[in-house]
Protein chains: 2
Amino acid sequence: MTRVLVVDDEPQIVRALVINLRARTYEVDAAHDGATALRLAAARHPDVVVLDLGLPDMDGVDVIRGLRGWTRVPILVLSARHSSDEKVQALDAGADDYVTKPFGMDELLARLRAAVRRAEPAHGGEDDVVVDTGEFTVDLAAKKVNRAGRDVRLTPTEWHLLEVLVRNGGRLVGQKQLLQEVWGPSYGTETNYLRVYMAQLRRKLEADPSHPKHFITEPGMGYRFEK
Amino acid sequence: MTRVLVVDDEPQIVRALVINLRARTYEVDAAHDGATALRLAAARHPDVVVLDLGLPDMDGVDVIRGLRGWTRVPILVLSARHSSDEKVQALDAGADDYVTKPFGMDELLARLRAAVRRAEPAHGGEDDVVVDTGEFTVDLAAKKVNRAGRDVRLTPTEWHLLEVLVRNGGRLVGQKQLLQEVWGPSYGTETNYLRVYMAQLRRKLEADPSHPKHFITEPGMGYRFEK
DNA sequence: CGGGCGCGTCAGGGTTCCGTCAAGGACGGC
DNA sequence: GCCGTCCTTGACGGAACCCTGACGCGCCCG
């Protein structure tokens, strides 16, 4: 859920923004002056701030500076002033975008999405998903398998098979599904491939490969990965 | 030094931008059509792109998509179209800002500064910038590699490859991803490039290049940098 | 009790993939 | 215009990997 802080002293603008943002499932806080805005920003940690420069209690640029003192949250400035100087001042103070009133709601929302998007951490936020069995660990993001403190080397096919099984952890995966996901959609009956590669996975990862505890065979059906 | 890629088919606009940017000590490349823009972006890796939507050879939005396929470089769109739809389309395709012609040079430069500023890495993780393997150190910020007290000289391509690997330290990086990040999005199968440049990196950085400890090959999949 | 079926194991051969070297071409500096 | 640096490209030996067939074993069923 994305949280937005709207700062404007004109009630009808705040209302219009709040309605439109809530309708798009944003979480919205609103402030009518600069002091409240700074306090709310600190308390609620919004993902983006929409800030009107014309506030009753302080200069809008000072609000920007107040925020930039401790956060890099995207700031989208809203202003009735069209002068170039005003824009330059706000942007150089740390604003991310500057929209002049009257503004189109579609455009504002698009600029808001752009601001939020680029604030997201790089690389799609792929958390290091690590599965731990006690005997070995599988790091799906790094494509790494560790056993007894040593990295285990897997071939592409071995890794691919392991990945499908681990992602379906606990569930039974049919042999046809395994074959198609690892070898391609035109495969489905070559169960000997599975036997060979399951054996290699077990040899590399199981403490006792002939009595597997994690790579379970379900005769006639498929295989299952268990922690 | 900040590098800017200017994309516009109107020579006078390009000239005005180039002059103004160079006067402010930016490094500037210019392209007059989309294909050239994508090629230059891949070759020169600009820190920000100024893109006119009205290009002779392809839709500007497709240029944005072409860039976003492999890079998060800030894109500042320049357009004669004022319609809300156009803006929304460009922004949602991945643009960072949208300025309508005619534009004030002061404002454009301020928006450019804002785009470059927020693309900078956050201040705080300073110690993450230098990676130490024991045999050599890589300073990502200073773009320097030091080995046995001496700076190692890397070619641009060597450095770029090293950078991608180090930033993904420990993680396996697929050959396709490496090729696209270093050579550009239109590459993906030229694995011989990787073989040549990995060999050069190893020759310059590994104690025993034929038995690499830090630049690990994962046959059939990609490469991995290990401390 | 014997045969069939499914599974696990092993080793060899063909193919793909990788490391290495060297030559040719593009580019920029002097 | 020459020279050095860098990038591209091709070729080749060797290593890694994938496929394949053969065999043994346990289980179920006839």
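Residues numbered from 1 in each chain as written. Chains lettered and ligands numbered in written order. Predicted model: local features only at pLDDT ≥ 70, side-chain atom pairs only at ≥ 80, totals over all residues. Heavy atoms only, no water.

Brief notes about the environment of H82 of chain A
Residue and element names in this part refer to chain A. Among the secondary structure elements, H82 is positioned in the loop between β4 (75-79) and α4 (84-93). Counting along the chain gives 18 residues from H82 to T100, while the straight-line C-alpha distance between them is 6.4 Å. Ignoring sequence-local partners within four residues, the contact set of H82 consists of K87, T100 and K101. (Helix = DSSP H or I, 4+ residues; strand = E, 2+ residues; numbered from the N terminus. Contact = heavy atoms within 4.5 Å.)

Regarding the sheet that holds strand β2 (residues 27-31) of chain A
All names here are of chain A. Reading across the sheet, the five strands line up as β2-β1-β3-β4-β5 and stay open at both edges, with parallel pairing between neighbours. Either end of the sheet is taken by a strand with one partner, and the two such strands are β2 and β5 (97-100). Sheet twist, expressed as the mean angle between neighbouring strand axes with direction ignored, is 20 degrees. Here strand β1 (residues 3-7) runs beside strand β3 (residues 48-52); their pairing, made up of four bridges, is parallel. (Pairing = 2+ DSSP bridges. Axes fitted to C-alpha atoms, helices over the stretch in contact; angles between N-to-C directions.)

A short note on the interface of chain A and chain B
Taken together, the contact between chain A and chain B spans 33 residues of the former and 36 residues of the latter. Both faces combined, the contact of chain A with chain B buries some 2,800 Å², and carbon together with sulfur accounts for 42% of it. Viewed at the interface, chain B and chain A are joined by 10 salt bridges. Measuring nitrogen to oxygen at the nearest pair gives 2.7 Å for the salt bridge that ties R111 of chain A to D97 of chain B. (Buried area = accessible area lost by both parts, 1.4 Å probe. Salt bridge = Lys/Arg side-chain N within 4 Å of Asp/Glu carboxyl O.)

A few points about the protein's contact with DNA strand D
Taken together, 16 residues form the shell around DNA strand D, and within it T157 and Y193 of chain A together with T157, W183 and Y193 of chain B come nearest. Sugar plus phosphate, as a fraction of atoms of DNA strand D within 4 Å of the protein: 85%. At 2.8 Å from a phosphate oxygen of DNA strand D is found a side-chain nitrogen or oxygen belonging to W183 of chain A. At a separation of 3.2 Å, a sugar or linking oxygen of DNA strand D approaches a polar side-chain atom of Y197 of chain A. When residues of the surface near DNA strand D are traced back to their parent elements, those giving at least two are α6 (156-167) and α8 (191-205) of chain A together with α6 (156-167) and α8 (191-205) of chain B. Split into classes, the residues belonging to the surface near DNA strand D amount to 11 nonpolar, four polar and one charged. (Near = heavy atom within 4 Å. Polar contact = N/O pair within 3.5 Å; in protein donor to acceptor, adjacent residues only side chain to side chain. Nonpolar A, V, L, I, M, F, W, Y, C, P; charged D, E, K, R; others polar.)

What about the packing of aromatic side chains?
Residue and element names in this part refer to chain A. Inspection of the entire model under this criterion finds 10 aromatic pairs over all chains. Relative to Y197, the ring of W183 lies with its centre 5.6 Å away and its plane at 65 degrees, an arrangement referred to as edge-to-face. Placement of the pair is W183 in helix α7 (residues 175-183) and Y197 in helix α8, with a sequence separation of 14 residues. Aromatic side chains F215 and F225 sit 5.6 Å apart centroid to centroid with 50 degrees between the ring planes, which places their arrangement in the tilted category. Pair noted here: F215 is in strand β11 (residues 215-218) and F225 is in strand β12 (residues 222-225), with a separation of 10 residues, a long-range link. The two residues F215 and F225 agree in class, both being buried. Pairwise contacts between aromatic rings join W183, Y187, Y193 and Y197 into one cluster. (Phe/Tyr/Trp six-rings, centres within 6.5 Å; stacked < 30°, edge-to-face > 60°. Buried < 20%, exposed > 50% of the residue type's maximum accessible area, 1.4 Å probe, protein only.)

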